Amino acid sequence: MSTESTTPTAVTMDKITALCKRRGFVFAGSEIYGGFVGSFDYGPYGVELANNIKAAWWQAMVQHERNIVGLDSAIVTHPKVWEASGHVGGFSDPLVECRECNTRSRADHLLEEIDVFADEKMSVEEINQVFDAHRDKLVCPKCGQKNFGTVRQFNLLAQTNLGNFSEDWSKEPAYLRGETCQGIYLNYKNVLDSSRVKVPFGIAQIGKAFRNEIAPRQYIFRKREFEQMEMQMFVPPAEEMSIYEIWKQKRMQYYVDLGFKPENLRFHEHENLVFYAKAAFDIEYKFPFGFKELEGVHARGNYDLTQHQTFSGVSLEYTDPYTNEKYLPHVVETSVGLDRTFLAVMTEFYDEDNLGGETRTVLRFPFKLAPIKVAVFPLLKNRPELVAKAEEVFALVSKHFRAEFDDNGNVGKRYRRQDEIGTPYCVTIDFDTLGEENPVLKDTVTIRHRDTGEQERVAIADLANYLK
Ligand code: GAP
């Protein structure tokens, strides 16, 4: 069947959000209550895609790496952890309020709109100076007025009373973790003492993180409750920068191996480093709203282990088993958001083309990311013998893959439904499968390929191997 890609599809956020809602990938959080800003839920296909993204990351970071192990640490930790990490004192974004409509915005984002650089590492005085110099050009995104108050720093850590039963718990709050890596630092010694790892080694973790984002925006790109996939590599100080370079390249290659076009990815070096960091690069992806941070790769020095050693009073030093040298390992970090990867994957693989004279929307997901790997159709739903055979085939393939059974509407419509959710293969059980017309074709099915629309005949017994 002929496919014509209409000149490269302009992927817009409107197209992606509409498809995500229509086909059950992403729903607005608490929708029946009018929504809850910065919160989203993954629907039936969304959770499959999210799980596949996490599995692909885990495979690349843990399964394929000899010296990286996994972890699942608690979301709520001892509150001192966040003092030691510097989050209680300094994890803030510059907030500015519109005097006309009281909308709160991030001052650095307003400045970014007019191509002026500012970021969260600037002091409040510095950012106010920059802000004041450009006030006449800065517009409230809600009401369009140019009447802002003074910029102040707003702490992003979300507090909780978990484990605190006093009336005024907010005086001694616990915190929902602002980044997953702190749980890794807390367990670095446990992992060293309980497994056979030696420096350099890494610990990888996937889990929820929470930030009181002032202005969550761009759909699932910036959420208040989100998921991170982070790996911290503990390395000898002298090897920090060479190991950092290796991970920078590996993480870029990871996206290319997943099927991303290299021209949609780029590195961006941080101009304004936090004081302890030696180097920091973002891997940026070309989202529909432009190139933005997808992942961060950071050389963090020994700041984190030093802080936790000081605040806990427990030595976190490593003793080299060959030289007996004692030192605090340095950390090379790779950190990516699941939700941002999800949005990047939707953007990268969204396409519209013309297949056999019909325009369609198709998600060209690689097999390992596709929410549904194979859909099984009986040619006609009112022929019990076809339906029974299709059920048999479904039972067989669903042992190996996430599969879907569909007997609703004509086969063409069923193909379109599967194209839209990115299913690589559709299998149809017809009268040939039953051996009614040509005995040679008995127990074979038609496999239709999502990307080309091409069809071929395959024996049911070979299906599982064929589909891999
Ligand atoms: N441990 C380092 C760290 O947390 P970060 O640059 O603040 O660094 C790392 O976050 C990654 O987490 C980002 O590159 C992004 O993919 C994701 N991320 C951060 N804030 C997010 C938010 N509010 N919503 C969704 N993803 C977010």
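Our subject is the structure listed above.
Residues numbered from 1 in each chain as written. Predicted model: local features only at pLDDT ≥ 70, side-chain atom pairs only at ≥ 80, totals over all residues. Heavy atoms only, no water.

(A) Inspection of the side chain of K248 at higher detail. Secondary-structure assignment places K248 in helix α8 (residues 240-258). For K248, the residues in contact, after removing those within four places along its chain, are F267, F281, I283 and V297. (Helix = DSSP H or I, 4+ residues; strand = E, 2+ residues; numbered from the N terminus. Contact = heavy atoms within 4.5 Å.)

(B) Representation of the sheet that holds strand β13 (residues 279-287) in the model. Strands sit in the order β4-β10-β11-β17-β14-β13-β12 across an open sheet of seven strands; the sheet is mixed. Each edge of the open sheet carries a strand with a single partner, namely β4 (68-71) and β12 (265-269). Averaged over all adjacent pairs, the angle separating strand axes in this sheet is 25°, with direction ignored. In this sheet, strand β10 (residues 201-210) lies alongside β4 in parallel orientation, the contact comprising four bridges. The partner of I68 across the bridge, within β10, is G202. Helix α7 (residues 181-194) contacts β4, β10, β11 (225-235), β14 (290-301) and β17 (330-337) of the sheet and is inclined by roughly 145° relative to β10. (Pairing = 2+ DSSP bridges. Axes fitted to C-alpha atoms, helices over the stretch in contact; angles between N-to-C directions.)

(C) The arrangement of unusual backbone geometry in detail. The residue after V199, namely P200, is reached through a cis peptide bond having omega 0°. Among the structural elements, P200 can be located in the loop between α7 and β10. At N324, a position not held by glycine, the phi torsion is positive, near 65°.

(D) The arrangement of the packing of aromatic side chains in detail. On inspection of all chains with the given rule, the structure shows 26 aromatic pairs. Each member of the aromatic cluster is reached from another via a ring pair, and the members are F221, Y254, Y255, F260, Y285, F287, F289, F349 and F365. Its guanidinium or amino end placed over the ring of F281, K248 lies 3.7 Å from that ring's centre, counting from NZ or CZ. The cationic tip of R448 hangs over the ring face of Y415; the distance from NZ or CZ to the ring centre is 4.2 Å. (Phe/Tyr/Trp six-rings, centres within 6.5 Å; stacked < 30°, edge-to-face > 60°. Lys NZ or Arg CZ within 6 Å of the ring centre and 35° of its normal.)

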